[in-house]
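Understanding the architecture of this molecule
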Amino acid sequence: MEELAYIPSPSRGVLYLGPIPLRGYAFCIIIGVFVAVWLGNKRWVARGGRTGTVADIAVWAVPFGLVGGRLYHVITDYELYFSQGRDWVDAFKVWEGGLGIWGAIALGALGAWIACRRRGIPLPAYADAVAPGIAFAQAIGRWGNWFNQELYGRETHVPWALHITSSTDGRVPGYYHPTFLYESLWCIGVAVLVMWADRRFQLGHGRVFALYVAAYCVGRAWIEYMRVDDAHHFLGLRLNDWTALFVFMLAMAYMIFSSRIRPGREAVVEPGASDGEAEGDGPAGKDGTFKDAEVEHEDADAIDDDGGVKDEATDGAESAKKS
């Protein structure tokens with residue numbers, strides 16, 4: 001039966017610029033990182049941090065995240081690299097696909113913590129700023145699976161079915177649920193939800209990040225259930241389903257206890273960020289931070305009732321006459 005409508009798969013996932021391979025999977029990861037840093041920087045500055053801090057910390061977080069994501073994938077799917085007939089060197093070929101978000105977030109957080117500690121920045125505040133950007137980065141990164149014709153769902157004949165044409169690594173050409181697209185759309189929804197909740201409820205102390213994690217886990221659970229690629233199962237569920245359930249419970253527990261212990265939002269997210277305020281114009285400096293209330297109060301005291309600036313010498317003379 002010929003499908004009238006479907007999502008075509010690319011004929012190949014790599015183009016060559018002379019001897020240099022340009023891989024779609026890698027491009028999706030790189031674009032996602034740039035989007036996450038750009039949005040994270042805007043949110044960080046809005047909270048009182050310096051421009052560029054998010055990028056500086058990302059220099060640590062991104063490499064750690066890539067290593068963590070690859071480690072999780074290789075460990076949970078070790079038979080793809082270390083079973084008979086397999087080449088263990090393939091475990092280092094990240095560009096061929098295979099990054100576990102759980103390991104990427106865990107080890108990426110470690111890298112971010114190291115960088116934050118070196119600058120005296122609270123990790124929860126940084127995590128809150130970059131959370132929506134990470135969700136958008138995941139939405140973009142999932143299109144890398146489309147380039148590699150991998151991680152699709154069960155066979156289907158819906159109009160938006162994904163047409164798989166490759167037969168390598170045991171694939172069977174046909175029409176399948178585009179789980180990469182489902183997860184991409186879900187991640188966009190998560191990012192929008194997190195930004196709305198952050199503005200509506202003034203979340204802080206890591207609760208924005210926890211909400212992102214919890215919301216992502218909900219979607220990942222049902223999307224994981226649809227996938228047909230090989231995976232380890234426990235009690236009838238895929239390993240990633242159990243991981244999503246466990247991480248969801250941790251995120252919810254953190255949100256509940258954090259809101260009781262540390263309600264509200266951090267007053268200062270980056271120590272010393274207000275030092276450059278004098279260089280700015282108006283109540284906010286160049287880095288988008290606001291003047292300290294005490295400074296504004298002192299400025300107000302220097303203005304007399306008629307709107308003019310008081311002369312300190314005149315004030316002193318008047319005080320001497322009265323005494």
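Quick summary incoming for the structure in this document. (Residues numbered from 1 in each chain as written. Predicted model: local features only at pLDDT ≥ 70, side-chain atom pairs only at ≥ 80, totals over all residues. Heavy atoms only, no water.)

1. Some points on the overall build of the protein chain
When you go through the protein chain residue by residue, the secondary structure sums to 11 helices and 7 strands. Burial analysis of the protein chain (323 residues in total) assigns 41% to the buried set. Long-range contacts, defined as pairs at least 24 residues apart, comprise 69% of the intrachain contacts of the protein chain with a sequence gap of at least 6. When the accessible surface of the protein chain is summed, it comes to about 18500 Å², and 64% of that surface belongs to carbon and sulfur atoms. (Helix = DSSP H or I, 4+ residues; strand = E, 2+ residues; numbered from the N terminus. Buried < 20%, exposed > 50% of the residue type's maximum accessible area, 1.4 Å probe, protein only. Contact = heavy atoms within 4.5 Å. Areas by Shrake-Rupley, 256 points an atom, 1.4 Å probe, with all protein chains shown as cover.)

2. Things to note about a nonpolar patch on the surface
Judged by side-chain polarity, Tyr225, Phe234, Leu235, Leu237, Trp242, Leu245 and Met249 come together as a nonpolar surface patch covering roughly 770 Å² of accessible area. Per element, the largest residue contribution to the nonpolar patch is 3 residues, and it comes from helix H9 (residues 239–261). We classify Leu245 as partly exposed; its relative accessible area is 42%. (Patch = residues over 30% accessible without salt bridge, like charges linked within 9 Å, V, L, I, M, F, W, Y side chains within 5 Å. Salt bridge = Lys/Arg side-chain N within 4 Å of Asp/Glu carboxyl O.)

3. Brief notes about the pairing of strand E2 (residues 14–17)
The pairing of E2 with strand E3 (residues 20–23) spans 4 bridges and is antiparallel. Paired with Leu17 across the bridge in E3 is Ile20. With antiparallel pairing between neighbouring strands as the criterion, E2 and E3 make up a hairpin whose turn holds 2 residues, including Gly18 at a positive phi of roughly 70 degrees. (Pairing = 2+ DSSP bridges.)

4. Quick word on the packing of helix H1 (residues 24–46) against helix H2 (residues 53–76)
When two helices pack together, their arrangement is given by the angle between the helix axes and by the axis-to-axis distance. Remark: H1 packs on H2, axes separated minimally by 10 Å, with the N-to-C direction vectors making an angle of 145 degrees. As for the relative orientation of H1 and H2, their crossing is right-handed in sense. Facing Ile29, Val33, Val37, Gly40, Asn41 and Trp44 of H1, the residues of H2 in contact are Thr53, Val54, Ala55, Ala58, Val62 and Leu66. (Axes fitted to C-alpha atoms, helices over the stretch in contact; angles between N-to-C directions. Left-handed = near helix turned anticlockwise from the far one by under 90°.)

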